[in-house]
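# Results of the structural survey
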Amino acid sequence: MDHTQENEILVATQMYCVERPIYSYPALHGKLHKKNKVSDPIGDKIKRALICTPKKIRNIIYMFLPICKWLPAYKPREYVFGDFVSGISTGVLHLPQGLAFAMLAAVPPVFGLYSSFYPVILYCFFGTSRHVSIGPFAVISLMIGGVAVRLVPDDMYVGGGGANSTNGTEERDAMRVKVAMSVTLLSGIIQFCLGVLRFGFVAIYLTEPLVRGFTTAAAVHVFTSMLKYLFGVKTKRHSGPFSVVYSTLAVIANVKKLNICSLIVGSMCFALLLGGKEFNERFKNKLPAPIPLEIVAVIIGTGISAGFNLEESYKVDVVGSLPLGLLAPATPDSSLFHLVYVDAIAIAIVGFSVTISMAKIFAVKHGYQVDGNQELIALGICNTIGSLFQTFSISCSLSRSLVQESTGGNTQLAGCLASLLILLVILAIGFLFESLPQTIWLTTFVSSLFLGLDYGLITAVIIALMTVIYRTQSPTYTVLGQLPNTDVYIDIDAYEEVREHAGIKIFQINAPIYYANSDLYSNALSRKTGVNAARIMAARRKVLKKHAKELGTKGKPQSSVVKVDEDAEAGGEEEEKQEEQIEENAKPMTIDSLVQKTFPEELERFLPPGPNVHTMILDFSQVNFIDSVGVKTVSGILKEYGDVGIYVYLAACSAQVVNDLTQNRFFENPCVKELLFHSIHDAVLGAKVREALAQQEALAPPPEEDSEPIVDPET
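Procedures and definitions
Residues numbered from 1 in each chain as written. Predicted model: local features only at pLDDT ≥ 70, side-chain atom pairs only at ≥ 80, totals over all residues. Heavy atoms only, no water. UniProt positions renumbered as here; feature names shortened; annotations may be inferred. Helix = DSSP H or I, 4+ residues; strand = E, 2+ residues; numbered from the N terminus. Buried < 20%, exposed > 50% of the residue type's maximum accessible area, 1.4 Å probe, protein only. Contact = heavy atoms within 4.5 Å. Areas by Shrake-Rupley, 256 points an atom, 1.4 Å probe, with all protein chains shown as cover. Polar contact = N/O pair within 3.5 Å; in protein donor to acceptor, adjacent residues only side chain to side chain. Axes fitted to C-alpha atoms, helices over the stretch in contact; angles between N-to-C directions. Parallel < 35°, antiparallel > 145°, perpendicular 65-115°, else oblique. Nonpolar A, V, L, I, M, F, W, Y, C, P; charged D, E, K, R; others polar. pLDDT = per-residue confidence, 0-100. Pairing = 2+ DSSP bridges. Right-handed = clockwise from strand over helix to strand, strands pointing away. Core = buried A, V, L, I, M, F, W, Y, C linked by side-chain atoms within 4.5 Å. Phe/Tyr/Trp six-rings, centres within 6.5 Å; stacked < 30°, edge-to-face > 60°. Expected span 1.5 Å × (residues − 1).

Under the annotation held in an unreviewed UniProt entry, the protein carries the name Solute carrier family 26 member 5 and is attributed to Vombatus ursinus. Per UniProt, the protein carries the Subcellular location (unreviewed entry) text "Membrane".

Here is the structure:
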C-alpha cells in the first residue's frame, strides 16, 4: 500500500463527535450577543469623501484618463513593432468598412471615414481596453439607418428624375445626416451619464451569447438590405417590423432589372475575400500577419471600375464624391431628440455591450482589467464630441478588433496609427476611391460576418432579458466562522463569539450562481476574504523575475569556464526526463494534482505580507442551482487559486447543484469530486487533516537510497 492510499484511508476514517443542544433560532440567538457597530457621523464621511490628497488626485486622473497610466509604462522595444503592424493592418480594414457602414447608416460614404477617425483618437485617451478597435460597426450603423429612413423616407424628397431628383437626393442625405448626428449625440449623452452614475454593471445582463444572438439577427437585416447593391437594382429601403421580408421581396420583384456587370464585380470580390480568408486561416502560422484582402478588393474593384468606366458604360452604382478635408464642427439638431430618444437608448446599450464583451475577452487573455463604467464614459465622449464633427454612433468592431489583437497590437497606439491612415484618405487621396463599385459593400460586410457574427437569434435577447428580470436578485456575500465547540458556522461580522480557523476562509452566497451574478461572485470572493489570487500570482512572478535577473547577473563572469562533454550529459538528462515523465503519468490522480506548489520556499520571504490561507471553502448550502456560466466561474476559481497553492473546497451542495455541475462537465477530472464535502465542518476537518499530513510528510526523514554492495577486488 503506497503513501497516497494510506492518507486517503486515514482521511476517510477520521471521525468527530459534537455534543450540543438542538438549536432553534431563538435558542441560538439567546446565547449570542450582537456586536455594537457604531457608524461614523455623516460629517466625518463627507469630510473623508471631500478631502484632497495627492494619491486620491492621481487615482482620479488614472480612472478618467487611463492613458496617463499605461503610456508612461509603454515599452518601445517590446511594443512598437507590434503596434505598427497592427495599426497598418487595422487601418486598411477601416477604409472599406467605414465606407460600407456609412451606407448602412443611410448617410453619404465620407461620413463613415469621419467616424473612423475622431472616435478612435478620443478612445485612445479615455478607453481602458488595449485591443478593441473603435469605429463604425455594422449593427449600430443599421440601427442608425433605421431611424434615418423612418424619419426621412425616400419619397419625402426624391421623386421623378433629372435635376430635381439630384437636388432631392442631396436634401434627403443632408436631413439624414442631421438625424444621425442627433441620435449619436443623444446616445453619447446617455452613455456618459450612465458611466458617471456607475451603471457599468448592466454589462452582466448582456452576456456573450445574447450579444452574439442580437448581432446575428442584425446581420440578417444587413444582408437583405445590401442585396439590392449586389444585383444593381433600385428598391425602396424598408425599416421597422418585417423589414427583412419586405426588402427581400422587393429585390425578388425587381430581379429582372438586375445589372449583370454589378453582379459579376460583386461576385469576383466575394470570391476573393472568401478564398483569401481560407488562405489566411490555413497559413496563419507561417504568415507574419494576415493578408489584408479587403484593401486588395477595394483597389482591384476601384481599378476595374475606373478603367472600364463602369458607372457610365454599364450603369454600375459607385461611391461617388468623397470631398477632401474635414468639415467644420456643427451642433446637432436637439429638436429631434423627442423623436429618437428610444432608439438612442437602444443604440447606447447595444454599443456598450458589444464593446465591453470584446474588451473583457481580450483583458482575460492578456492579463489586465477593463472598467465597465469608464468604458461607458469613453464611448459617451466619443459619440458626444464625434457628433459635433458629423460622425455617427460607433462601437467596437468584432472583425477589426480580432485583426488588431492577432497582428500584435499591444496598446491603443495601434488604433491611433489606423486613424492616421484614414486621415490621409480624408485629406489627400479620397478621390481615388470615388469609382469604387458599391458591391464592394456587401462583400466587405460578409467578410466581417464570417469573422464574428455567427450565433443566436434576436429572440434570445427578449427571452434572456425576461429571465433576468424574473431571476435577478441582489445576493449577500458572507464570510463564515465557527461557533466554538460546535459545527455551527455563521457570519463572523455579526457575532463576537464566532472565530475563524487559521488558514481557512469560508465564503457563502445566498443566491444561485448564474450568468447574471457570476462575475460578481468571483469578485466578492477575493474582496470579502482578502485573498486575491491574481495579485498573489503577480507578486510571485515579480519575485521570480527579479530572482532570475539576479542569477543571470551572477552567472555572467563564469562564461569563460571550459565546458564538459555536453552531448553525453544532454543524452543522460534526456533519458532521465523521459523516465520521470513515465513515472509521473503512472501516478494516481489526487486532489494534490489540482494545486500547484512550485513556488520556491526560499523566495517566500521576499513576497509582500498577505493572508496566510491554504484553503478556501465555498458554502453552497444556499445555492439552489448553477448554470453553465456559473460552472465556468467556479472552475476558474479552482484553477486560479490552485495556481497559487490554495485548495478550494465545495461544501453542502444540494443534489440539484451536483447534477448541474455534472451536466456541465465540472467533474471531467475525477479528482474534482474529492473537493466536495457534505457539510462545512466536514470540509474544515478535511482541510486540517490534509495540512497535518503535509506537515508530517515534510518533517519525515527522506528515504535512504539503496546502496550497491561493496565488492572486494581481491575476491
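A word on the overall build of the protein. From N to C terminus, the protein includes 28 helices and eight strands. By residue count, 45% of the 715 residues in the protein fall in the buried class. Long-range contacts, defined as pairs at least 24 residues apart, comprise 84% of the intrachain contacts of the protein with a sequence gap of at least 6. Taken as a whole, the protein presents about 38900 Å² of accessible surface, with 61% of it coming from carbon and sulfur.

Once that is clear, we can look at the side chain of Arg690. Looking at the secondary structure, you find Arg690 in helix α28 (residues 680-699). The class for Arg690 is buried, based on a relative accessible area of 10%. Within the structure, Arg690 has its side chain in polar contact with the side chain of Glu691 (distance 2.7 Å).

Following both chains from N to C, one finds helix α9 (residues 138-151) and helix α17 (residues 337-366) inclined at 175°, their axes separated by 10 Å at the closest point. Here α17 runs roughly antiparallel to α9, going by the angle between their axes. Only Leu339, Val340, Asp343, Ala346, Ile347, Val350 and Gly351 of α17 make contact with α9, whose side of the interface consists of Val139, Ile140, Met143, Ile144, Val147, Arg150 and Leu151. Among the residues forming the contact of α9 with α17, the class breakdown is eleven nonpolar, one polar and two charged.

Moving on: the environment of Phe81. Along the polypeptide, Phe81 turns up in helix α6 (residues 76-104). With relative accessibility at 66%, the residue Phe81 sits in the exposed group.

Moving on, we get to the confidence of the model for the protein. Mean pLDDT over the protein stands at 76; residues scoring 70 or higher make up 70%. Every residue in residues 434-439 scores below 50 in pLDDT, and together they form 34 contacts with partners more than four places removed in sequence or on other chains. Predicted confidence for residues 441-461 stays below pLDDT 50, and this span has 56 contacts to residues more than four positions away or in other chains.

This part is about the pairing of strand β6 (residues 615-619). Burial runs high along β6: five of the five residues are buried. Burial along β6 is two-sided: Thr615, Ile617 and Asp619 and Met616 and Leu618, pointing in opposite directions, are all buried. As paired strands, strand β5 (residues 504-509) and β6 are joined by five bridges and run parallel to one another. Looking at β6, one finds that Phe507 is bridged to Leu618. Where β6 and strand β7 (residues 647-651) come together, five bridges link them in parallel fashion. Each residue of the ladder has a partner; that of Asp619, found in β7, is Ala651. Considered for its hand, the β-α-β crossover made up of β6, helix α26 (residues 628-642) and β7 is right-handed.

The phi dihedral of Ala106 falls on the positive side, at around 65°, and the residue is not glycine. Looking at the element boundaries, Ala106 is found in the loop between α6 and α7 (110-115). Residue classification places Ala106 among the buried positions, given a relative accessible area of 7%. The backbone phi angle of Asn485 is positive, close to 65°, even though this residue is not glycine. Along the chain, the position of Asn485 falls in the loop between β3 (477-482) and β4 (489-491). Judged by relative accessible area, Asn485 falls into the exposed class, the value being 74%.

Nonpolar side chains in soluble globular proteins generally cluster together in the buried interior. The biggest cluster of nonpolar side chains holds 60 residues, and the ones touching the most others in it are Val107, Val132 and Ile144. Contributions of two or more residues to this core are made by α6, α7, α8 (118-126), α9, α11 (162-196), α17, α18 (372-388) and α20 (413-429). Element by element, the count of residues in this core is highest for α17, at twelve residues. For Ile144, the contacting residues outside a window of four places in its chain are Ala105, Ala180, Val183, Thr184, Ile347, Phe392 and Ser393. Grouped together as the second largest cluster of nonpolar side chains are 54 residues, Leu32, Ile637, Leu661 and Phe666 included.

It is worth spelling out the environment of Leu186 at this point. Among the structural elements, Leu186 can be located in helix α11. Residue classification places Leu186 among the buried positions, given a relative accessible area of 12%. The contact partners of Leu186, leaving out residues within four places of it in the chain, are Phe337, Val340, Tyr341 and Ala344.

Attention now goes to the packing of aromatic side chains. Tallying each qualifying case throughout the model produces 13 aromatic pairs. Relative to Tyr114, the ring of Phe111 has its centre 5.5 Å away and its plane inclined at 85°; by these criteria the two rings are edge-to-face. Residue Phe111 and its partner Tyr114 are located together in helix α7, separated by three residues, close to a single helical turn. An identical accessibility class is assigned to Phe111 and Tyr114; each is buried. Ring centres 5.0 Å apart and planes at 65° place the aromatic pair Phe117 and Tyr118 in the edge-to-face group.

Time to look at the sheet that holds strand β8 (residues 676-677). Pairing within the open sheet is mixed, and its six strands lie in the order β4-β3-β5-β6-β7-β8. Of all the strands in the sheet, just β4 and β8 have a single pairing partner and so form its edges. Sheet analysis places β3 next to β5, joined by four bridges and oriented antiparallel. Among the inter-strand pairings, Leu480 is bridged to a residue of β5, identified as Ile506. Seen against the sheet, α28 touches β3, β4, β5, β6, β7 and β8 and runs at an angle of roughly 155° to β7.

Residue pairs spaced three or four apart in an α-helix point in one direction, given the helix's 3.6 residues per turn. Over its 17 residues, α18 extends 25 Å from the first C-alpha to the last, a length consistent with the 24 Å expected when each residue adds 1.5 Å. Where α18 begins, one side-chain oxygen reaches toward the backbone nitrogen of Asn373, 3.0 Å away; that side chain belongs to Asp371. In the stretch just after α18, Gln390 is the one whose phi turns positive, near 65°.

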